[in-house]
Amino acid sequence: MQPACIILSRVPNALTWLFLVALSLAALTRLWLARRQIRYVLAHRDAVPATFTEAIPLAAHQKAADYTAAKSRLGMLDVLINSATLLVLTLGGVIQWLSDAWGSLLQPGAVAHGTALLLSVFFLQGLAGLPTAAYRTFGIEARFGFNRMTPGLFLADLAKHTLVGLALGVPLLLAVLWLMGRMGQLWWLYVWIVWVAYSMLMMMVYPAFILPLFNKFTPITEGELAARVAAVLARCGFKSSGLYLMDGSKRSSHGNAFFTGFGAAKRIVLFDTLVSRLQPPEVEAVLAHELGHYRLHHIAKGMALSAAVSLAVLWLLGQLIDQPWFYQGLGVAAPSDAAALALFLLVLPEFLFFVQPLTSRYSRKREYEADAYAVSHAEPADLVRALVKLYQDNAATLTPDPLHSAFYDSHPPAAMRIARLKTI
Ligand SMILES: [Zn+2]
C-alpha cells in the first residue's frame, strides 16, 4: 500500500483508455439491448402467444408490453446517468476532491479519513440514482397500478435504509480499512476472511432483525395453506422454523415467496399478495420449486461461488493497490487504501458486465432444475397455473427479445419454461 503522501499527476494512461472503452462498450451494449427489447415487445403487442391464449386476455398482454417498454426506457436513462456519474467521480476528479476535502478535517490515509471518503462516494452514487428510483415508483409503477407506496413511506424507507446501511456498513468499512493498513502484503486474504464471515452473519441477522424494520411478519399456523405447506415440507424432507405471511402489499402489488436464514433458522416467507392471488395447491407448487433450490444445493453453491469470486477480486485489488498507474489512470492523484477501494468498486462492474450472459445462463439452468424438482413433489399443472398468474400479475412480458433475455434473464422466458414443464 502506498503511503498517502505520494502525490501523482493525473495523466491519462493505458488504463484510462481501457476503462473508457469498457465503459462505452458496456453502456452501448446496455442501450442497444434495451432498444431491441422495446422494439420486440411492442412488435408482439397485438397477439397473445398461442400457449397463453386461454389464460391471459389481450388487454393484460398489452399492459405487460407497455409496462416492459416503459421500464426499459427508464433503464436507458439509468445507463446514461450511471455512466456519467462514474466518469465524474473518477476521471472528473471528484474522488480526489473528496479525499482532499476530508483530508483538511481528518488525517489523510487514516481509517477515519478512508471511511469518510468511501461513505461520501457511496452517498453521491446513491443520490445520482434517486430521481429515477422515485420516478420508477411514482411514475411507472403507479401508472400501471402496482405502486402502493406513499411519498411518506418512500422517504421513511430511504431514511431507514440509510441508517441500517450505516449501522451495518460502517463497522465493516472500519475493519476492512484497518486490515488493509495493518496486515502487510497479504491484507486481501484477511479482508476476504472477514468478508465471508460478515456475509454469513448477515444471512442470520437480516431476516431476524432487519426485515422486521420494514415489514410485518405474521405466522401462519392454521388452515388449508398451513396444512399444505407442512405436507410439502415433509415430502421434501425440509425443516423450517416457521411459515410467515409478509405484508408486501404495503409497498407493491407484485407477489413473491422466499426463504430466509439458513440451518435450523430457515423461515419461509410468503407475500400476502401471493397468498391472496394463488390457490393453496398453487402456493404449494411454488414452494416446492423454492425447496428445489435448497435441496439441489443451489443456495450453498451460490455462496461458495461468490466466496471464490470475492477472493479472486480481492487478490486482484491486492496487485493493483501498489501500482501508481492504477490511481493515475482513473483520476486519483493521491493514492490511499480507501481511494483504491472506491475506484475498484466503481470501475470493476463495467468490466464484469460482459460476464453477465454466463451468470444469467447458469441461473436459468438452475431454474429448470428447481422446476423439475417441484413437479416431482407437487402437481405440474398447479405450477404452470401459478406461473401464468405470476407473469400476469407482475405484467412480465411473454415475448421478450431473445438476445435481451439471453443476456439478462435469471429466469427462463415464460413460454420456454412452461413448455418444458408440460413435457415432464
Ligand atoms: Zn427459482
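Scroll up for the structure.
All chains use their own residue numbering, which begins from 1 and follows the written sequence. Thresholds applied to this predicted model are a pLDDT of at least 70 for local features of residues and 80 or more for the giving and counting of side-chain atom pairs; totals over whole chains, interfaces and linings are not thresholded and use all residues. Hydrogens and waters are ignored; side-chain quantities use all the structure's heavy atoms.

Thoughts on the side chain of Arg417
For Arg417, the position within the fold is in helix α16 (residues 414-423). When a residue's accessible area, from a 1.4 Å probe over protein chains only, is under 20% of the maximum for its type it is buried; when over 50% it is exposed; and in between it is partly exposed. When its relative accessible area of 5% is taken as the criterion, Arg417 is described as buried. For Arg417, the contacting residues outside a window of four places in its chain are His289, Glu367, Tyr368, Asp371, Leu387, Tyr391, His411 and Pro412. Runs of E in the DSSP output that reach at least two residues are strands. Runs of H or I that reach at least four are helices, and both are numbered from the N terminus. In what follows, residue pairs with any heavy atoms lying within 4.5 Å of each other are defined as contacts.

Concerning helix α4 (residues 111-143)
A helix is expected to reach a length of 1.5 Å times the quantity of its residues less one. Between its first and last C-alpha atoms α4 spans 46 Å; for 33 residues at 1.5 Å apiece the expected length is 48 Å, and the two agree. To get the bend at a given residue, fit one axis to the seven residues ending there, fit another to the seven starting there, and take the angle between those axes. At Leu130, α4 shows its largest kink, close to 40°, and the proline Pro131 lies no more than four residues downstream. Just downstream of α4 lies Gly145, where phi reads positive at about 80°.

Here we look at the coordination of the zinc ion
For a metal with four donors in a tetrahedral arrangement, the ideal angle between donors is 109.5 degrees, while six donors in an octahedron ideally sit at 90 or 180 degrees. At 2.0 to 2.8 Å from the zinc ion lie its protein donor atoms, namely His289 (NE2), His293 (NE2), Glu367 (OE) and Glu367 (OE). Only nitrogen, oxygen and sulfur atoms count as donors, using a 2.8 Å cut-off from the metal that widens to 3.2 Å for Na, K and Ca. Water is left out, so coordination shells may look unfilled. A four-donor site is called tetrahedral if each angle lies between 85 and 135 degrees; a four-donor site is square planar, and a six-donor site octahedral, when trans pairs exceed 155 degrees and the remaining angles lie between 65 and 115; all other cases are labelled irregular. Coordination at the zinc ion is irregular, judged from the four donor atoms that bind it and the angles of 51 to 137° they form at the metal. Taken in chain order, the donor set of the zinc ion reads H-x3-H-x73-E. Here the residue His289 and the residue His293 both occupy positions in helix α9 (residues 280-295), the gap between them amounting to four residues, near one helical turn.

Quick notes on the packing of helix α10 (residues 298-320) against helix α13 (residues 356-377)
Helix axes use the C-alpha atoms of the stretch in contact, all axes being lines fitted to C-alpha atoms, and the angles between their N-to-C directions lie in the range 0 to 180 degrees. Their axes nearest at 12 Å, the elements α10 and α13 cross at an angle of 165°. Accordingly, the angle class assigned to the pair α10 and α13 is roughly antiparallel. In the crossing of α10 with α13, the sense of the turn from one axis to the other is right-handed. Note on element contacts: α13 touches α10 through Tyr362, Arg366, Glu369 and Ala370, opposite His298, Lys301, Gly302 and Leu305. Grouping the constituent residues of the contact of α10 with α13 by class yields three nonpolar, two polar and three charged. Any angle that falls under 35 degrees is termed roughly parallel, while one over 145 is termed roughly antiparallel, one within 65 to 115 roughly perpendicular, and all others oblique. Helix crossings fall into two classes, left-handed where the near helix is turned counterclockwise from the far one by less than a right angle and right-handed where it is turned clockwise. Each residue is assigned to one class: nonpolar for Ala, Val, Leu, Ile, Met, Phe, Trp, Tyr, Cys and Pro, charged for Asp, Glu, Lys and Arg, and polar for all the others, Gly among them.

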